[in-house]
Amino acid sequence: MGAHEKIEPGQPSELTDTQTTLSELKFRRNESKKMGGAQAIARQHSAGRLTVRERIEKISDAGSFQEVGTLAGTGVYDPKNQLVSVTPAPYVAGIAKINGRSVAIGGEDFTVRGGTTFGSSRRKGGQGGFIEDLSHFYRIPLVNLIDGAGGSVTSLKRRGHSVFPGVHGFERSVQLMGEVPVASAVLGTAAGGPAGRAILSHFSVMIKETSQIFAAGPPVVKRSLGQTIDKNSLGGAKIAVDTGGTIHNSASTEEEAFDQIKRFLSFMPNNVWELPPVCPSNDPVNRMDEALATIVPEKRTQAYNMHRLVKMVCDLDSTFEIQPTYGKSVVTMLARLGGYPVGIIANNPMVYGGAMDVHSARKQIHFMELCDTFHIPIVFFVDVPGFMVGLKAEQEGTLREGMRAVFVAGQLQVPTLTLVIRKCYGMAGMATCNKNDIDLKLAWPSAEWGSLPVEGGVAAAYKKEIDAAPDPIAKEREIEAELKPYASPFRTAEAFAVEEIIDPRETRPLLCQFIELAQHRLKANLGQRARYGVQP
Amino acid sequence: MSKIDVASPVTGTVWKIEKQEGDTVSEGDVIMILESMKMEIPVESPKSGTLISVLVQESISIDEDQILCVVE
């Protein structure tokens, strides 16, 4: 495009038709780039937030953003019907590259009308928007940079009537959940449609202090319940991420949130019809860490750092934890073994002894489905004493959620490996294996398993003998000591009821071998995952 | 020098306090051991520095996320 004389809007022109229209294009593009204007942009910045164009620029590879719908907006015309200005649509969308791979990307422009929806023939973004079609029809990941509050009552006057909720529904959003990786960042105050959009994602992240998400904000809460609460206390990261698990991760800054999304996407294929990318590592596959031999304490009641253990086994610096602050008795991480992506599900002995509660069950279920959908093999690092016990656990419905985890584990199509580090008991222990599959179980010498532990089990099963004894406590200890040798994992290995017991230092080379082996099967099972039956 | 509040990962009790206020700590040093669900849970220093305050005593009950000590 050559240089063209600038057309002043509202002025008659002496230029050719082509020059006029190219000038108009240039003018309209500039209008779009102004977003909601300098004042609104300054307000956005002073609230600690970036503009949507800045966000897209920061998360994408330099210069890779190709906008679609640049000219969408509301034109303002003079009495002679000449264009004066354009207020851009409150959403910016298009395609971009993230670490060399194409994604569909878009976000609300909060500087225009607070990012709320406006009347247009077709929506650019949000649920049912063009950006979702882009992702669906080209089979590429979708990144949502969410900063909007959804529907507004102002639409009522503009339309002249009210509409059923879901006039722009979540149909495509739901469809995408089984087709391509969807990642969402909550970058402002999200309620309504944008909040729903954030949750219909495989990975979501929000910003501590500056973003919130809730079903409805403080004014509606005040009106409905008479409850006065500020938006951070109602829907900030402490509530939405740490307590509710509504959003997966939190970040201190927007840039950190973008890094998390990029990290998440690096483990994902472009779509479910492709394998996830392999990233060869300099970390040797046969690395045997001496510290693994002693990381599990001799004393069974002493906890140890499972995060550290897992990181010693996986490719160096390859781990990315999802929901680190929710359901903490289980650790869910994407990682690599020999360059291949794996999903790690590791019980955390530091939190309630690794017992599975309603939150860790829920977290594990989401992570299993994520790995299953995107062809990422799962490795369970097991140290679970069973379900969480007690009144609070029962009130929360721990048992039902735990059985749901067992149900989902049994439906997995991805290869799974079960490595028992220490405890593996009861039904929670069942949620760490897929017995519909090869059921390959490995164990460290520190492993112990069963329906329930010998201690406690003896008290229940031998109650009569114990009560009848002159020294009941001594009797209980005597029976425990008699049964203990039978509980040795080596006896189970003799019966081939556990497939192999390994030296802890052998863990990395062995897992790398099996994950490489799994690639043949992954290639043969590409495509979408069907899910059957009613989850309990 | 930044201060880090060290929060409890669990609800439980303080079993043993291994370090005192004013002690120099290295990253990973065990400052105290908690007890929860019959497990002994070490609370490690998040970084090297000085343990500038210990906010709990042995045998007291503590809640998840309660600040136990501060390292600078």
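The rules we used
- Residues numbered from 1 in each chain as written.
- Chains lettered and ligands numbered in written order.
- Predicted model: local features only at pLDDT ≥ 70, side-chain atom pairs only at ≥ 80, totals over all residues.
- Heavy atoms only, no water.
- Helix = DSSP H or I, 4+ residues; strand = E, 2+ residues; numbered from the N terminus.
- Buried < 20%, exposed > 50% of the residue type's maximum accessible area, 1.4 Å probe, protein only.
- Contact = heavy atoms within 4.5 Å.
- Areas by Shrake-Rupley, 256 points an atom, 1.4 Å probe, with all protein chains shown as cover.
- Lys, Arg positive; Asp, Glu negative; His and termini not counted.
- Charge placed at Lys NZ, Arg CZ, Asp CG, Glu CD.
- Rg over C-alpha atoms; globule rule 2.2 N^0.38 Å.
- Axes fitted to C-alpha atoms, helices over the stretch in contact; angles between N-to-C directions.
- Parallel < 35°, antiparallel > 145°, perpendicular 65-115°, else oblique.
- Left-handed = near helix turned anticlockwise from the far one by under 90°.
- Nonpolar A, V, L, I, M, F, W, Y, C, P; charged D, E, K, R; others polar.
- Patch = residues over 30% accessible without salt bridge, like charges linked within 9 Å, V, L, I, M, F, W, Y side chains within 5 Å.
- Salt bridge = Lys/Arg side-chain N within 4 Å of Asp/Glu carboxyl O.
- Arc of directions from axis to C-beta.
- Polar contact = N/O pair within 3.5 Å; in protein donor to acceptor, adjacent residues only side chain to side chain.
- Buried area = accessible area lost by both parts, 1.4 Å probe.
- Pairing = 2+ DSSP bridges.
- pLDDT = per-residue confidence, 0-100.
- Phe/Tyr/Trp six-rings, centres within 6.5 Å; stacked < 30°, edge-to-face > 60°.
- Lys NZ or Arg CZ within 6 Å of the ring centre and 35° of its normal.

Draft legend 1. Broad picture of the overall build of chain A. Helices and strands together make up the secondary structure of chain A, namely 21 helices and 19 strands. Each of the three principal axes of chain A carries a C-alpha extent, and together these read 110 × 55 × 40 Å. For chain A, with 536 residues in total, the buried portion stands at 50%. In chain A, 72% of the contacts between residues at least 6 apart in sequence involve partners at least 24 apart. Total accessible area computed for chain A in this model is approximately 24,900 Å², and 56% of it derives from carbon and sulfur atoms. If you average the places of the 59 positive and of the 57 negative side-chain charges in chain A, the two averages end up 6 Å apart.

Draft legend 2. Representation of the overall build of chain B in the model. In terms of helices and strands, chain B carries zero helices and eight strands. Whereas a compact globule of 72 residues would reach a radius of gyration of roughly 11 Å, chain B reaches 11 Å, a difference of no more than 12%. Taken over the C-alpha atoms alone, chain B extends approximately 35 × 20 × 20 Å along its principal axes. Nonlocal contacts in chain B, meaning residues at least 24 apart in sequence, comprise 57% of its contacts between residues at least 6 apart. Accessible surface computed for chain B: about 3,700 Å², of which carbon and sulfur atoms make up 44%.

Draft legend 3. Region of interest: the packing of helix 3 (residues 52-59) of chain A against helix 11 (residues 254-266) of chain A. Residue and element names in this part refer to chain A. One can describe the packing of helix 3 onto helix 11 by two numbers: an axis separation of 10 Å at closest approach and a directional angle of 45 degrees. The orientation of helix 3 with respect to helix 11, classified from their angle, is oblique. When you trace helix 3 past helix 11, the crossing you get is right-handed. For the pair helix 3 and helix 11, contact is made by R55, K58 and I59 and by E254, E255, F258, I261 and K262, respectively. Here the contact of helix 3 with helix 11 is built from residues that sort into three nonpolar, no polar and five charged.

Draft legend 4. View of a nonpolar patch on the surface. All names here are of chain A. Together, L399, M427 and M430 make up an exposed nonpolar region whose accessible area comes to about 270 Å². By secondary structure assignment, the location of L399 is in helix 15 (residues 398-410). L399 sits in the partly exposed class, given a relative accessible area of 45%.

Draft legend 5. Spotlight on helix 12 (residues 306-313) of chain A. All names here are of chain A. Restricting attention to buried positions, one finds in helix 12 the residues M306, L309, V310, M312 and V313. For helix 12, the buried positions fall inside an angular range of 160 degrees around the axis, keeping them on one side. In the core, the buried residues of helix 12 are packed alongside strand 13 (330-337), strand 14 (340-347), strand 15 (378-384), strand 16 (416-425) and helix 21 (507-524). For helix 12, the N-terminal cap is N305; the gap from its side-chain oxygen to the backbone nitrogen of H307 is 3.1 Å.

Draft legend 6. Focus on the interface of chain B and chain A. Contact residues are listed per partner, giving 14 residues for chain B and 17 residues for chain A. Contact between chain B and chain A buries roughly 1,200 Å² in total, counting both sides, with carbon and sulfur atoms accounting for 54%. It is M37(B), M39(B) and E40(B) in chain B that bury the most area against chain A; as a group they hold 47% of the surface buried on that side. Between chain B and chain A we count four salt bridges in total. Between K299(A) and E40(B) there is a salt bridge whose closest N-O contact spans 2.5 Å. Summed over the shared surface of chain B and chain A, the number is seven residue pairs in polar contact (both at pLDDT 80 or more). The element contributing the most residues to the side of chain B that touches chain A is strand 5 (residues 39-44) of chain B, with five residues. Among the residues making up the side of chain B that touches chain A, the classes are represented as seven nonpolar, two polar and five charged.

Draft legend 7. Here's a closer look at the sheet that holds strand 1 (residues 66-67) of chain A. All names here are of chain A. Read across the open sheet, the seven strands follow the order 1-4-5-6-7-9-11; overall the sheet is mixed. Each end of this open sheet is capped by a strand with a single partner; those strands are strand 1 and strand 11 (249-251). Relative to strand 9 (residues 203-207), helix 11 is tilted by about 170 degrees, and along the sheet it contacts strand 4 (91-98), strand 5 (101-108), strand 6 (142-146), strand 7 (182-186), strand 9 and strand 11.

Draft legend 8. Layout of the confidence of the model for chain A. A residue-level look at chain A finds 94% of positions with pLDDT of 70 or above and a mean pLDDT of 91. Under a pLDDT of 50 for its full length, residues 1-7 of chain A has, in the predicted model, nine contacts with residues more than four places off or in other chains.

Draft legend 9. Representation of the packing of aromatic side chains. Taken as a whole and assessed by the stated rule, the structure comprises two aromatic pairs over all chains. On the basis of an interplanar angle of 20 degrees and a centroid distance of 5.1 Å, the ring pair of F203(A) and F264(A) is categorised as stacked. Taken together, the residues span a long stretch of sequence, with F203(A) in strand 9 and F264(A) in helix 11 at a distance of 61 residues. With a relative accessible area of 0%, F203(A) lands in the buried category. In this structure F264(A) comes out as buried when scored by relative accessible area, which is 0%. Note on F203(A) and F320(A): the rings are 5.5 Å apart at their centroids and 65 degrees apart in plane angle, and the pair reads as edge-to-face. Highlighted residues: F203(A) in strand 9 and F320(A) in strand 12 (residues 320-322), separated in sequence by 117 residues. For F320(A), a relative accessible area of 7% corresponds to the buried category. An aromatic cluster is defined as three or more aromatic residues linked by ring pairs; in this entry it consists of F203(A), F264(A) and F320(A). The positively charged end of R491(A) is found above the aromatic ring belonging to Y486(A), 5.1 Å away from the centroid. The ring of W15(B) carries the charged tip of K16(B) above its face, separated from the ring centre by 4.4 Å.

Draft legend 10. Just unusual backbone geometry, in detail. Residues and elements named next belong to chain A. Despite not being glycine, N81 shows a phi value in the positive range, around 65 degrees. With relative accessibility at 60%, the residue N81 sits in the exposed group. Positive phi values are uncommon outside glycine, yet F496 reaches one of about 55 degrees. Along the chain, the position of F496 falls in the loop between helix 20 (489-494) and strand 19 (500-501).

Draft legend 11. Inspection of the sheet that holds strand 6 (residues 49-54) of chain B at higher detail. Taken in spatial order, the four strands make up an open sheet running 1-8-6-3 (chain B), and their pairing is antiparallel. This sheet does not close on itself; its edge strands, each paired only once, are strand 1 (4-7) and strand 3 (24-25) of chain B.

Draft legend 12. Structural view of the pairing of strand 7 of chain A. Residue and element names in this part refer to chain A. Within strand 7, five of the five residues are buried, which leaves the element mostly enclosed by the surrounding structure. The alternating pattern of strand 7 places V182, S184 and V186 on one face and A183 and A185 on the opposite face, and all of these are buried. As judged from the four bridges shared by strand 7 and strand 9, these two strands associate in the parallel manner. Among the inter-strand pairings, A183 is bridged to a residue of strand 9, identified as F203.

Draft legend 13. Geometry of the pattern of salt bridges. Residue and element names in this part refer to chain A. Tallied over the entire structure, the rule returns 33 salt bridges over all chains. Where E254 meets R55, a salt bridge forms, and the shortest distance between an N and an O atom there is 2.8 Å. Linking E254 in helix 11 with R55 in helix 3, this pair joins segments that are 199 residues apart in sequence. Exposure class is identical for E254 and R55. Each is buried. Note that R529 is salt-bridged to D372, the shortest N-O span being 3.3 Å. Highlighted residues: R529 in the segment after helix 21 and D372 in helix 13 (residues 358-373), separated in sequence by 157 residues. It is possible to trace a salt-bridge network through shared partners that takes in D283, R287, D289, D315 and R508.

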